[in-house]
Amino acid sequence: MEKDIFQSTILDMYPSYVKKAILKQAVDDGFVINNKKHNQQLTLNFNGSVDVTEDETLEDKFRHMLERDSILAVVEDYEYRKPYKHFCYFKYLNLTIQKIEALVKSQEVNIFDRKAQVAVDDFGKPTIYILGENIYFKFSYKLKNDVGKSIKYVILAIIDKESGLLEIRFDRVGIAYRNSNTFYKDKIYSILQYFNDMIGLQVENIDFKAVVEYMKSEEDDITIIAQRMTRNGTTAYLEAYEDEAGIIPILGELESFLADQKELFDKNSDTQKIRRKLKAFITEIEVKSDMPMVKIRMDRSGIKFGITHNYKDADFSLFMLYGELVGEELMGSVKEYLMRCYKELNIAISTNALSAEENK
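In this text, all values refer to a predicted model and were calculated from it rather than measured experimentally.

## Considerations on the packing of aromatic side chains
Next, step 1: Tallied over the full model, the rule gives 22 aromatic pairs.
Next, step 2: Measuring from centroid to centroid gives 5.2 Å for Phe 183 and Tyr 184, while their planes differ by 85°, and the two rings are edge-to-face. Tyr 184 shares its class with Phe 183; the two are buried.
Next, step 3: Put simply, the rings of Phe 87, Tyr 89, Phe 208, Phe 305 and Phe 319 pair up and form one aromatic cluster.
Next, step 4: Positioned above the aromatic ring of Tyr 84 is the side chain of Lys 82, whose terminal nitrogen or guanidinium carbon lies 3.8 Å from the ring centre.
Next, step 5: The ring centre of Tyr 80 lies 4.2 Å from the NZ or CZ of Lys 138, which sits over that ring.

Rendered as structure tokens:
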């Protein structure tokens, strides 16, 4: 890794809340002293830690900290643990641990050792890190903008052995550093191809449209708001409100109108017929309209995330977290919820198929 690029990326590209999280981790791990109380007894330094107590601003503290390679290792560690804005999931087949071990032995991947306090990321090959049942592959890219400034850009790929999932995580990067309109899709496909070529991993797309439909009909602890609707070849961008139920907004207004005007529609057989036709029309739109983009709020936690199905005409769905990305549990909570619904849907499909077979 080119150290100057890594340093400038942290200083110029990382938002303040991320820097604060990294500083806290560095202090907790004993690599940095940041004594806010200015108590001399508490700032005794026996381990050669970087003392940034006297540095006034967060930026000053980071410029001071980043003079040490051990702090770059702290940042590399943080990149495995932080929540990312975007992510996608795939089912995988044919995981062969021996092939991953062969990559390690042939030095075709770097190994991250949290205890070693050494930065190891490389633009030329991924870095691997084992954490519990998860195998992390970190892909570091050197991106250059139109004025020649280079940054380190990270995409994380996680093989979750327990769930049988391949998860890909990444943040957005400024348009000046993207070389095409399909930048993210191309990077995802290149990573999938890497796993296929290097370890023989095969991936399968998950039908998250079906999962969302299951969630809408069976789950009562989420709010789903349509953001974009496609019908009869045209696309409508819809307003999203925090307290909106999981229904196309204009249809919700029609439903309310029919309920409010009950006496009018009960007046005679003709008005009753009009009401039946309107209800049939609403149902037809709900059933036949495609929802390529939805926003979901998990009501208990307040976590909000969006899903874009068939992202850039790809076969997979792309997810996006909304709000400030604080806390490692964010992504885990979303994955746990989605995978529970996915498993419940598969069980329901299997049960229905079995019942149909038995009734033949």
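Resuming the write-up.
## Considering the pairing of strand β8 (residues 165-170)
Next, step 1: The element β8 is extensively covered by neighbouring structure, given that six of its six residues are classed as buried.
Next, step 2: Both faces of β8 are covered, namely the face carrying Leu 165, Glu 167 and Arg 169 and the face carrying Leu 166, Ile 168 and Phe 170.
Next, step 3: By the bridge criterion, six bridges tie strand β3 (residues 86-93) to β8 in an arrangement that is antiparallel. When the sheet's bridge partners are listed, His 86 is paired in β8 with Phe 170.
Next, step 4: Two strands pair when backbone bridges link them, and strand β7 (residues 150-160) and β8 are joined in this way by six bridges, in the antiparallel orientation. Looking across to β8, one finds that Ile 155 is bridged to Phe 170.
Next, step 5: If you look at the hairpin formed by β7 and β8, you'll find four residues sitting between the two strands, and Gly 164 has a positive phi there, around 65°.

## Topic: helix α4 (residues 69-81)
For an α-helix, 3.6 residues make a turn, and residues three or four places apart therefore share a direction.
Next, step 1: Over its 13 residues, α4 extends 19 Å from the first C-alpha to the last, a length consistent with the 18 Å expected when each residue adds 1.5 Å.
Next, step 2: In terms of burial, α4 is a largely internal element, 11 of the 13 residues being buried.
Next, step 3: Listed as buried for α4 are Ser 70, Ile 71, Leu 72, Ala 73, Val 74, Val 75, Glu 76, Asp 77, Tyr 78, Glu 79 and Tyr 80.

## Remarks on the environment of Tyr 311
Next, step 1: Relative to the assigned elements, Tyr 311 resides in the loop between β13 (304-308) and β14 (318-321).
Next, step 2: Taking the C-alpha atoms as reference points, Tyr 311 and Tyr 184, 127 residues apart in sequence, are found 9.7 Å from one another.
Next, step 3: Among all residues touching Tyr 311, those that are not within four sequence positions of it are Tyr 184, Lys 185, Phe 316 and Leu 318.

## Some words on the packing of helix α1 (residues 3-13) against α4
Next, step 1: Put simply, α1 and α4 touch, their axes get as near as 11 Å, and they point 60° apart. As for how α1 packs across α4, the hand of that crossing is left-handed. Residue-level inspection shows Lys 3, Phe 6, Gln 7 and Ile 10 of α1 in contact with α4, the latter providing Asp 69, Leu 72, Val 75, Glu 76 and Glu 79.
Next, step 2: Considered class by class, the residues forming the contact of α1 with α4 number four nonpolar, one polar and four charged.

## Focus on helix α6 (residues 183-199)
Next, step 1: With 17 residues, α6 ought to run about 24 Å at 1.5 Å a step, and its terminal C-alpha atoms sit 24 Å apart, in line with that.
Next, step 2: Residues Phe 183, Tyr 184, Lys 185, Lys 187, Ile 188, Ile 191, Leu 192, Tyr 194, Phe 195 and Ile 199 constitute the buried set of α6.
Next, step 3: Those residues of α6 hidden inside the fold are in contact with β3, α5 (97-105), β6 (134-144), β7, β8 and β9 (202-205).
Next, step 4: Positive phi shows up at Gly 200, right after α6, with a value of about 70°.

## Considering the layout of surface pockets
Next, step 1: Here the largest pocket is characterised by a volume of approximately 400 Å³.
Next, step 2: Around the largest pocket sit 22 residues that line it, and Met 13, Tyr 14, Lys 82, Asp 171 and Arg 172 are the ones nearest its centre.
Next, step 3: At the level of secondary structure, the elements contributing two or more residues to the lining of the largest pocket comprise α1, α2 (16-28), α4 and β7.
Next, step 4: No other element matches β7, which puts four residues into the lining of the largest pocket.
Next, step 5: A breakdown of the residues in the lining of the largest pocket according to their chemical character gives 14 nonpolar, two polar and six charged.

## Describing unusual backbone geometry
Next, step 1: Despite not being glycine, Gln 117 has its phi angle at roughly 60°, a positive value.
Next, step 2: Note that Gln 117 resides in the loop between β4 (110-111) and β5 (127-131).
Next, step 3: By relative accessible area, which is 38% here, Gln 117 ends up partly exposed.
Next, step 4: In this structure, Asp 313 takes a positive phi of about 65° despite not being glycine.
Next, step 5: Tracing the backbone shows Asp 313 in the loop between β13 and β14.
Next, step 6: We classify Asp 313 as exposed; its relative accessible area is 76%.

## Structural notes on the pattern of salt bridges
Next, step 1: Tallying each qualifying case throughout the model produces 22 salt bridges.
Next, step 2: Across the pair Asp 69 and Lys 3 runs a salt bridge whose closest N-O atoms are separated by 3.0 Å. Placement of the pair is Asp 69 in helix α4 and Lys 3 in helix α1, with a sequence separation of 66 residues.
Next, step 3: With relative accessibility at 35%, the residue Lys 3 sits in the partly exposed group.
Next, step 4: One salt bridge in this structure joins Lys 138 and Asp 121, with 2.9 Å as the shortest N-O distance. Separated by 17 residues along the polypeptide, Lys 138 in strand β6 and Asp 121 in the loop between β4 and β5 bring together distant segments of the chain.
Next, step 5: Given the relative accessible area of 0%, Lys 138 is considered buried.
Next, step 6: With a relative accessible area of 2%, Asp 121 lands in the buried category.

Here is what the cut-offs are and how they apply
Residues numbered from 1 in each chain as written. Predicted model: local features only at pLDDT ≥ 70, side-chain atom pairs only at ≥ 80, totals over all residues. Heavy atoms only, no water. Phe/Tyr/Trp six-rings, centres within 6.5 Å; stacked < 30°, edge-to-face > 60°. Buried < 20%, exposed > 50% of the residue type's maximum accessible area, 1.4 Å probe, protein only. Lys NZ or Arg CZ within 6 Å of the ring centre and 35° of its normal. Helix = DSSP H or I, 4+ residues; strand = E, 2+ residues; numbered from the N terminus. Pairing = 2+ DSSP bridges. Expected span 1.5 Å × (residues − 1). Contact = heavy atoms within 4.5 Å. Axes fitted to C-alpha atoms, helices over the stretch in contact; angles between N-to-C directions. Left-handed = near helix turned anticlockwise from the far one by under 90°. Nonpolar A, V, L, I, M, F, W, Y, C, P; charged D, E, K, R; others polar. 1 Å grid on protein atoms, 1.4 Å probe; cavity = no way out; pocket = protein on both sides within 12 Å on 5 of 7 lines; lining within 4 Å. Points joined across faces, edges and corners; volume = space filled by probe spheres on them. Salt bridge = Lys/Arg side-chain N within 4 Å of Asp/Glu carboxyl O.

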